[in-house]
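Working through the structure, step by step
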Amino acid sequence: MTGCWRAHHGAPLRFDRPETSPHYISTVLSPRSYLLTTVVTGLLAACGEARPAAPVLELPLSGDTITTRDSDVTGAAWLNGNRWAILAAPNETAGIVDFSSRTIKPLGGSRSKDLRNPTTLFVSQDSLYLGDWGQRRTTVWTPAGRLIRSFPTSNGVRGALPQARDSKGNFYLDQYPLAGPDGSGNRDSAAVLLVDPGFERADTIARLAPLDIAEVVGDAGRRFERRVFGGVDRWGALPDGSVWVARVYDNRVDWRASDGKWTRGQALPDRVLEVTRYDRELFLRKFPPELRSTAQDLPFAAIKPPFEAALTSSDGRVWLEKSRAPADSSRVYHVVDRRGRLAQEVRLRGQGHILAVGPSAVLVAESTADGTRLKSVGLTPPARNP
């Protein structure tokens, strides 16, 4: 998208903030201008047609299924075979799902004293790392679910928990600015940090775009609130020390090699989706009735970001979960290789979303009335273009 915008408008623009993004410019600056939106969308489509189409993979609907009472499974990682580690942060639980035996084993048992508020989860060198915000530490588990050790976080990184680890033992985490009493600090950029194994030194290796915030004036005075449906940069790290950053306002994935050299990713196809009244209604339904009037006062973004989430697959590629309209019957993922190029488009039918990607299957979560349905869906070869 970025390259297309430059080709038609001359000098390149800075897209590290939402107000300078073509995704934003095409709708937010003139939200009632149907002509402008149509022209920009047409230009984007024309640029997309100039590239060879990426192969499309339609995931099958069938798969092994296990149901958990956790209301929201927020993270997962492939362990081995058909076994996955899962994290349900709102329910303060974590466990290991085994589709072969059709069981879910809570880490530490059903009433574990080893976990209080688990919030981060990742796998490194056959060990499972689970960050515990409540105890300000990271616990390390075997793939079988046995606690090996734990280590505290550091005041030097303001208690932030690691989210990845490379083969040399270095950790990776993100550090967001202090919001301050009125939230104005969120106008600053966040940083991705490389931390040594002893948590004694932290180096900034990447900067993330500031949050999409708006100034709100109310009875309590002026404050800065994050826009609902506003996008954020995503990132991840690989065992060899490579780091990727998915740029939400440029809609691309940049790669940092272990030697510090950056590769700028390809502009990805971008579907511009307006935040509709129905989108707002669906958001407000998540709140209890007594809180909905307060939630209505939150600022909303005018358009949805190009992607809502991102994760690293077991083969080291990036899967971007694209934004969708409420009426869409499928969820689309853009698979980006280590050159930052679109390698594949994956489509998942239904209302579920992918939590983790293994060598031969993906872990899918679907919300139910009394919990979450987990599915192991096999990866089949991509369809060949005629």
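Each remark here, short or long, concerns the structure printed above.
Rules and cut-offs
- Residues numbered from 1 in each chain as written.
- Predicted model: local features only at pLDDT ≥ 70, side-chain atom pairs only at ≥ 80, totals over all residues.
- Heavy atoms only, no water.
- Pairing = 2+ DSSP bridges.
- Helix = DSSP H or I, 4+ residues; strand = E, 2+ residues; numbered from the N terminus.
- Axes fitted to C-alpha atoms, helices over the stretch in contact; angles between N-to-C directions.
- Phe/Tyr/Trp six-rings, centres within 6.5 Å; stacked < 30°, edge-to-face > 60°.
- Buried < 20%, exposed > 50% of the residue type's maximum accessible area, 1.4 Å probe, protein only.
- Lys NZ or Arg CZ within 6 Å of the ring centre and 35° of its normal.
- 1 Å grid on protein atoms, 1.4 Å probe; cavity = no way out; pocket = protein on both sides within 12 Å on 5 of 7 lines; lining within 4 Å.
- Points joined across faces, edges and corners; volume = space filled by probe spheres on them.
- Nonpolar A, V, L, I, M, F, W, Y, C, P; charged D, E, K, R; others polar.
- Arc of directions from axis to C-beta.
- Contact = heavy atoms within 4.5 Å.
- Salt bridge = Lys/Arg side-chain N within 4 Å of Asp/Glu carboxyl O.

On to the sheet that holds strand E2 (residues 64-68). Taken in spatial order, the four strands of this open sheet run E2-E27-E26-E25, and their pairing is antiparallel. Two strands bound the open sheet, and with one partner strand each, they are E2 and strand E25 (353-357). This sheet shows a mean twist of 25° between the axes of neighbouring strands, independent of strand direction.

So, about unusual backbone geometry. Phi at Gln125 is positive, roughly 50°, even though this residue is not glycine. Mapped onto the fold, Gln125 is located in the loop between strand E7 (118-124) and strand E8 (127-132). One non-glycine residue, Asn251, adopts positive backbone phi at about 55°. Counting through the fold element by element, Asn251 comes out in the loop between strand E18 (243-247) and strand E19 (252-256).

Taken as a whole, this structure holds ten aromatic pairs when the rule is applied. Relative to Phe300, the ring of Phe229 lies with its centre 6.2 Å away and its plane at 40°, an arrangement referred to as tilted. Here Phe300 lies in the loop between helix H5 (292-296) and strand E21 (307-312) and Phe229 lies in the loop between strand E16 (221-226) and strand E17 (234-237), a separation of 71 residues in the sequence. Overall, Phe229 belongs to the partly exposed group, its relative accessible area being 27%. Among the aromatic residues, those joined into a cluster by ring pairs are Phe122, Tyr129, Phe151, Phe171 and Phe199. A cation sits over an aromatic face here: Arg187 above Phe224, 4.5 Å from the ring centre.

Glancing now at empty space enclosed by the protein. Evaluated as defined, the whole model comprises one cavity of 30 Å³ or more. One number sums up the size of the largest cavity: a volume of about 40 Å³. Pro60, Leu61, Leu348, Arg349, Val364, Glu366, Lys375 and Val377 together form the lining of the largest cavity. Of all the secondary structure elements, the ones that give two or more residues to the lining of the largest cavity are strand E24 (342-349), strand E26 (361-368) and strand E27 (371-378). Considered class by class, the residues forming the lining of the largest cavity number five nonpolar, no polar and three charged.

Another point: helix H4 (residues 277-284). What H4 keeps buried is the set Asp279, Phe283 and Leu284. One side of H4 carries all its buried residues, which in axial view fall inside an arc of 135°. Residues of H4 that are buried make contact with H5.

So, on to the sheet that holds strand E22 (residues 318-322). Across the sheet, which stays open at both edges, the five strands sit in the order E1-E24-E23-E22-E21 with mixed pairing between neighbours. Each of the sheet's edge strands pairs with one partner strand only, and the pair in question is strand E1 (56-58) and E21. Going across the sheet, the axis of each strand differs from the next one's by a mean of 25°, ignoring polarity. With five bridges joining them, E21 and E22 adopt antiparallel strand pairing. Bridge assignment links Phe307 to a residue of E22, and that residue is Lys322.

For the structure on display, the rule yields 21 salt bridges. One salt bridge connects Asp254 with Arg252, and the closest N-O pair in it is separated by 2.7 Å. In this structure, Asp254 and Arg252 share a single accessibility class: buried. In this structure, Arg331 engages Glu308 in a salt bridge whose closest nitrogen and oxygen atoms are separated by 3.8 Å. With a gap of 23 residues between them, Arg331 in strand E23 (residues 330-336) and Glu308 in strand E21 connect regions that are remote in the sequence. Relative accessible area serves as the criterion here: at 31%, Glu308 is assigned to the partly exposed category.

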